[in-house]
Amino acid sequence: MAVPEFMEYVEKHQNDFVERLRKAVAIPSVSGDPNHRPDVFRMSEFLVNELKALGASVETRDLGKQDFHGTPLDLPPVVLATVGNDPAKKTILVYGHYDVQPALKEDGWATDPFVLVEDDKQRLIGRGSSDDKGPVLGWINVVEAHKNLGLELPVNIKFCLEGMEESGSEGLDDLIYQEAGEYFKDVDAVTISDNYWLGTTKPCLTYGLRGVSYFHLTVKGPAADLHSGVFGGTIHEPMTDLFAVMSKLVQPDGKILVPGVYDQVRAVTDEEEATYATLDFKLDDLHGAVGNKTNIHPDVKSVLQHRWRYPSLSLHGVEGAFYNPGDKTVIPAKVTGKFSIRSVPDMEPKKLTELVKKYVNDEFNKLGSKNTMVIECSHDGNHWLASPNHPNYVAAAKATETVYKVKPDLTREGGSIPVTLSFQDALQKNVLLLPMGRGDDGAHSINEKLDRSNYIQGTKLLGVYLHEVSKVEF
Ligand SMILES: NCC(=O)N[C@@H](Cc1c[nH]cn1)C(=O)O
Ligand SMILES: [Zn+2]
Ligand SMILES: [Zn+2]
């Protein structure tokens, strides 16, 4: 009886849950922007208060300072919260993040990114709605529903909520290893809701992620920005050098040009080949999520393989370059190009960084420029693969069938959650990714949204999963 009662409660109280999301989205907790660091702290306080109000025992862990381009910056705390402490029950560790990607109205958002708006299609639009405030609050909604119904939670929950996921999860790995035998001691399995369905209609369980290695390539030239009419043609220009090197990183068809990268990629097996055939994903889903038909690969299998099991290199931006409207005739004195590589089994981040540094240095030296160039890896995180046959996944599949009346697809994901592998390795427990949002949510993009139905059905899913996982044998 507990499960139907819980599901009914969630259905009836959906507007309260949307209000909770509205309050969370209103805090612009952008971890990558030092000006927003106080907001990231404010977001941690919001979660601490929500969890305390529900009776959780909550502590925050200080992670020290971050070196932000030479300036020390306080790292936001990790929120550790425990709900239930019954040795007869399983303990599920729930990880999520409360920081978000940057968002400016002028990037092209239709509405203020930090004001949650529900449109006529019942989509909850706002930065962090899907990645990852909605899912984090989904777990909190589950605790609240049980408390208000006077229902016992079927498992103990340990929360680990961080505020630096979008910026490399600095400091969290050390905490996980330090606390493996302490705070995380009794954990039986780990569940993370921080990714998306493949398409827009069918739920999935996710057992793999790509890693990410992020690079800053800085070229320095003249002592200050210069007039291009006076100095153009007479000096080596940093931006010209930067573009020359960056154009050698990746081809327009996505092929990475750094020698040695593909040597480390695991070969496709027949068993893996068979997994793509049954998935509920069409080229139309890709076109819908992208907004047009600019796909490189012509069929679903190769799209998914290039998202999940082959590396990719993306060029993200240039710091120090002129980018405002108008026609400023400047030669920027120092520019930093940013790019990242999504890595896959069996690539090793350290080896990858060595390959990239050697290649970029070789390419820069070929230019014969008198400028200086420095290439740095600002953060890296490893890829992750789990066993989707574990009872933790069986429980999640049953919960999906209860809530959505369909068997979930088993998927991998092209994005990265750097600490997933750390949890698996440090705790030696199964890790499950149980997504709430859809493939077209626009995480990291403009107009990020979470459909109301995904938020509400997703809250039900997380709660029913806890009931199912309490019953399976590990
Ligand atoms: N929802 C997970 C996610 O978006 N992860 C980020 C992690 C990251 C790493 N460096 C910057 N962000 C991702 O981009 O995959
Ligand atoms: Zn996320
Ligand atoms: Zn993200």
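As the structure is a prediction and not an experimental result, all values here were calculated from the model. (Residues numbered from 1 in each chain as written. Chains lettered and ligands numbered in written order. Predicted model: local features only at pLDDT ≥ 70, side-chain atom pairs only at ≥ 80, totals over all residues.)

### Details of helix α7 (residues 238–246)
Here's step 1: If you check which residues of α7 are buried, you get P238, M239, D241, L242 and V245. Buried residues of α7, viewed axially, fall in a sector of 160°; they line one side.
Here's step 2: Those residues of α7 that are buried are in contact with β11 (211–220), β13 (312–319), β15 (334–343), α11 (349–366) and β16 (372–381). (Buried ≥ 20, exposed ≤ 12 C-beta atoms within 10 Å, placed from the backbone. Helix = DSSP H or I, 4+ residues; strand = E, 2+ residues; numbered from the N terminus. Arc of directions from axis to C-beta. Contact = placed C-beta atoms within 7 Å.)

### Describing the site of ligand 1
Here's step 1: As a matter of local geometry, ligand 1 sits amid 13 residues, with E166, D194, V212, G415 and S416 nearest to it.
Here's step 2: At the level of elements, α4 (129–149) and β11 are the ones that each hand at least two residues to the shell around ligand 1.
Here's step 3: Looking at the shell around ligand 1 residue by residue, the class counts come to four nonpolar, four polar and five charged. (Near = placed C-beta within 6 Å. Nonpolar A, V, L, I, M, F, W, Y, C, P; charged D, E, K, R; others polar.)

### A short note on unusual backbone geometry
Here's step 1: Note that the residue after D131, namely D132, is joined by a cis bond; omega there is 5°.
Here's step 2: Structurally, D132 can be placed in helix α4.
Here's step 3: Going from P345 to D346, the amide bond is cis rather than trans, its omega being 5°.
Here's step 4: Tracing the backbone through its elements, the reader meets D346 in the loop between β15 and α11.
Here's step 5: Within the chain, K405 stands out as a residue other than glycine whose phi angle is a positive 60°.
Here's step 6: As for its position among the elements, K405 is in the loop between α12 (391–404) and β18 (409–413).
Here's step 7: Overall, K405 belongs to the exposed group, with 7 C-beta atoms counted inside 10 Å.
Here's step 8: One non-glycine residue, H444, lies in positive phi territory at about 70°.

### Quick word on the environment of D194
Here's step 1: With respect to the element layout, D194 can be found in the loop between β9 (189–192) and β10 (204–209).
Here's step 2: For the pair D194 and L433, spaced 239 residues apart in the sequence, the C-alpha separation amounts to 7.2 Å.

### Re the UniProt feature "site: Important for catalytic activity" (unreviewed entry) in the protein
Here's step 1: The residues that UniProt annotates with the feature "site: Important for catalytic activity" (unreviewed entry) are H227.
Here's step 2: Within the element layout of this structure, H227 appears in strand β12 (residues 226–227).
Here's step 3: Assessed through the 10 C-beta atoms surrounding it within 10 Å, H227 is described here as exposed. (UniProt positions renumbered as here; feature names shortened; annotations may be inferred.)

### Observations regarding the domain arrangement of the protein
A common way to state how big an interface is: give the accessible area lost once the parts meet.
Here's step 1: Partitioning the protein into structural domains gives domain 1 (2–209 + 383–471) and domain 2 (211–266 + 309–381).
Here's step 2: Each of domain 1 and domain 2 has a C-alpha centre, and the two are 34 Å apart.
Here's step 3: Contacts between the two partners involve eight residues from domain 1 and, on the opposite side, nine residues from domain 2.
Here's step 4: Within the side of domain 1 that touches domain 2, the residues separate by chemical class into two nonpolar, five polar and one charged. (Domains from an automatic or database assignment.)

### Things to note about the UniProt feature "binding site: substrate" (unreviewed entry) in the protein
Here's step 1: According to UniProt, the "binding site: substrate" (unreviewed entry) feature falls on D194, H227, T329, R342, S416 and H444. In terms of the greatest pairwise C-alpha distance, the residues named above, spread along 251 residues, do not form a single cluster, extending to 47.0 Å across.
Here's step 2: According to the C-beta neighbour criterion, D194 is buried, with 25 such atoms within 10 Å.
Here's step 3: If we ignore the near neighbours within four places in the chain, the residues touching D194 are G96, H97, D131, D132, P135 and I417.
Here's step 4: If you trace the backbone, R342 turns up in strand β15.
Here's step 5: Once residues within four sequence positions are removed from consideration, R342 is found in contact with R210, G211, V212, P311, S312, G414 and S416.

### Digging into the sheet that holds β15
Here's step 1: With respect to topology, four strands assemble into an open sheet ordered β13-β15-β11-β16, the strand pairing being antiparallel. The open sheet is flanked by β13 and β16, the only strands paired with a single partner. With direction set aside, neighbouring strand axes in the sheet form an average angle of 20°.
Here's step 2: Sheet analysis places β11 next to β16, joined by nine bridges and oriented antiparallel. Note on β16: the bridge partner recorded for F215 is C377.
Here's step 3: α11 contacts β11, β15 and β16 of the sheet and is inclined by roughly 165° relative to β16. (Pairing = 2+ DSSP bridges. Axes fitted to C-alpha atoms, helices over the stretch in contact; angles between N-to-C directions.)

### Here we look at the sheet that holds strand β6 (residues 117–118)
Here's step 1: Across the sheet, three strands lie side by side as β6-β7-β20; this open sheet has antiparallel pairing. With one partner strand each, in any of the chains shown, β6 and β20 (449–451) form the two edges of the open sheet.
Here's step 2: Note: strand β7 (residues 123–125) against β20, three bridges, orientation antiparallel. Across the sheet, R123 pairs through a bridge with D451, a residue of β20.

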